[in-house]
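These are the residues of each chain, in order.
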Amino acid sequence: MKSILLSILAMLTLMPAVSSAQTQTVKGPSLDIKKPVIGRMCKVTGNEVNIRKSASATAPKLMMTCYPETDECTVIWSNQKGWGSNSPLTAYQDQVFIILDETPEWYKVMAGNDYYKVPGYITKKFCQEIELSPVTPEMLNKYDSYGFDVSQKPGVLSGKYKGYAVINSAGFEREGFVVGRIVDGYFIAVPAPTDKQVTFEYTEKYQRLRIGKDANSIKFYYGKELVYGEDEYSQCLDFSKLTDIEMANILIYLGVKSGDTSNTGYIYANVNGELKLISSYDFDESSWQVERTDVAPEVLFEQKK
């Protein structure tokens with residue numbers, strides 16, 4: 001492993017914006033987002049509500065099919081052949097859907113689960129149109145799983161990166177991180193651009209953040225000044241305790257660059273005061289459209305020369 005990096009200041013000096021005799025202003029990374037067209041939403045008022053392929057109670061139902069004993073799954077309709085292990089993919093109480101279109105009795109919605117989305121129809125009898133309150137930075141830093149498998153406190157509550165979060169998206173036979181920020185009242189997250197294996201690890205060796213890397217991996221070590229732990233076995237990084245420079249450091253090594261955007265990501269919304277993952281998206285699929293590219297505000301630091 002290469003030597004541990006203590007701060008990003010040495011790297012930031014490669015990107016001067018304005019300089020004087022004593023200091024120079026350097027630019028930190030910021031996250032530009034292609035925002036999907038989101039529009040209206042409805043909330044499910046029943047349990048195990050079927051999603052149909054067309055606006056009819058006799059149309060094929062949405063199903064989940066998986067290879068046995070793996071998390072390699074996809075969505076199909078009940079008139080299609082699956083991979084071996086099939087089960088109905090129904091809507092549940094308080095689930096929120098993005099409305100794509102409607103008929104007098106049905107909403108066309110973006111259905112599926114957190115990872116696989118298809119357009120489908122849900123009866124208006126069990127899905128009520130709602131208006132949502134904006135997501136707040138505080139909602140990004142509750143101790144929660146954020147739709148994935150790992151409990152964490154990923155949100156930044158103040159400073160130059162207020163409204164950003166880095167979420168561990170690990171699951172069964174799956175690993176990785178997503179990076180996002182609040183855009184127009186929603187939290188939009190995209191896969192971390194780096195192709196290296198990323199881990200965050202608590203250690204008593206350091207007080208704050210240190211970073212180690214090699215050709216294939218990046219390790220973020222954090223000490224007791226940054227830790228959140230409900231007990232001795234749960235000691236996650238509390239992103240609200242990071243300085244602006246430490247957060248910039250993390251974003252740099254995750255591959256975040258101003259001007260870069262992603263065609264895939266996740267949409268979170270404020271549902272009854274809770275941050276909920278309501279949909280993944282992929283602009284390479286015809287059901288999704290780009291509303292606009294939201295350019296993040298510049299993040300500038302004053303550094304001594």
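See the structure printed just above.
This one's a predicted model, so the numbers in the text were calculated from it and none came from an experiment. (Residues numbered from 1 in each chain as written. Predicted model: local features only at pLDDT ≥ 70, side-chain atom pairs only at ≥ 80, totals over all residues. Heavy atoms only, no water.)

Peer 1: Would you mind going over the state of the cysteines with me for this structure?
Peer 2: Linking two cysteines covalently via their sulfur atoms produces the bond known as a disulfide. Summed over all chains, the structure comprises two disulfides. At a sulfur-sulfur separation of 2.2 Å, the disulfide partner of Cys42 is Cys127. Residues Cys42 and Cys127 are joined through a disulfide that is right-handed, its torsion about the S-S bond being 80 degrees. Residue Cys42 is located in strand 4 (residues 41-44), and its partner Cys127 is located in strand 11 (residues 127-130); the two are separated by 85 residues in the primary sequence. Note on cysteine connectivity: Cys66 is disulfide-linked to Cys73, with sulfurs 2.0 Å apart. Disulfide Cys66-Cys73: the torsion about the S-S bond is 110 degrees, which places it as right-handed. (Disulfide = S-S within 2.5 Å. Helix = DSSP H or I, 4+ residues; strand = E, 2+ residues; numbered from the N terminus.)

Peer 1: Please explain the pairing of strand 21 (residues 274-282) as it appears in this structure.
Peer 2: Consecutive residues of a regular strand have side chains that alternate between opposite faces of the sheet. Two strands pair when backbone bridges link them, and strand 20 (residues 264-271) and strand 21 are joined in this way by eight bridges, in the antiparallel orientation. Bridge pairing links Val271 to Glu274 in strand 21. Counting the residues that bridge the hairpin from strand 20 to strand 21 gives two residues, and of these Asn272 lies at a positive phi of roughly 55 degrees. (Pairing = 2+ DSSP bridges.)

Peer 1: Sorry, what's going on with the pattern of salt bridges here?
Peer 2: Here the structure, examined in full by the defined rule, presents 13 salt bridges. For the salt bridge of Glu274 with Lys142, the shortest nitrogen-to-oxygen distance reads 3.0 Å. A residue pair is termed long-range when its members are at least 10 positions apart, and Glu274 in strand 21 and Lys142 in the loop between strand 11 and strand 12 (164-168) qualify at 132 residues. Classification of Glu274 as partly exposed rests on a relative accessible area of 30%. By relative accessible area, which is 37% here, Lys142 ends up partly exposed. The partner of Arg292 in a salt bridge is Asp294, and the shortest N-O contact between them spans 2.7 Å. (Salt bridge = Lys/Arg side-chain N within 4 Å of Asp/Glu carboxyl O. Buried < 20%, exposed > 50% of the residue type's maximum accessible area, 1.4 Å probe, protein only.)

Peer 1: Just checking my understanding: could you explain unusual backbone geometry for this structure?
Peer 2: Keep in mind that most residues, glycine aside, have a negative phi and that most peptide bonds are trans. Backbone geometry places Asp94, a non-glycine residue, at a positive phi of 75 degrees. By the secondary structure assignment, Asp94 is in the loop between strand 7 (85-88) and strand 8 (96-102). Despite not being glycine, Asp184 shows a phi value in the positive range, around 55 degrees. Tracing the chain through its elements places Asp184 in the loop between strand 13 (177-183) and strand 14 (186-191).

Peer 1: Could you clarify how one ought to interpret the environment of Ile98 in this entry?
Peer 2: Note on placement: Ile98 falls in strand 8. According to the relative accessible area criterion, Ile98 is buried, its value standing at 2%. Placed 10 residues apart in sequence, Ile98 and Lys108 show a C-alpha to C-alpha distance of 8.6 Å. Those residues in contact with Ile98 that lie beyond four places of it in its chain are Ile38, Arg40, Met41, Lys108, Val109, Met110, Ile267, Ile278, Ser279 and Trp288. (Contact = heavy atoms within 4.5 Å.)

Peer 1: I tried to follow the sheet that holds strand 14 on my own but got confused; where do I start?
Peer 2: If you trace the five strands from one edge of the open sheet to the other, you get 12-13-14-20-21, paired in antiparallel fashion. Looking at which strands have only one partner, the edges of the open sheet turn out to be strand 12 and strand 21. Strand-to-strand twist across the sheet, computed as the mean angle between neighbouring axes with direction ignored, equals 25 degrees. (Axes fitted to C-alpha atoms, helices over the stretch in contact; angles between N-to-C directions.)

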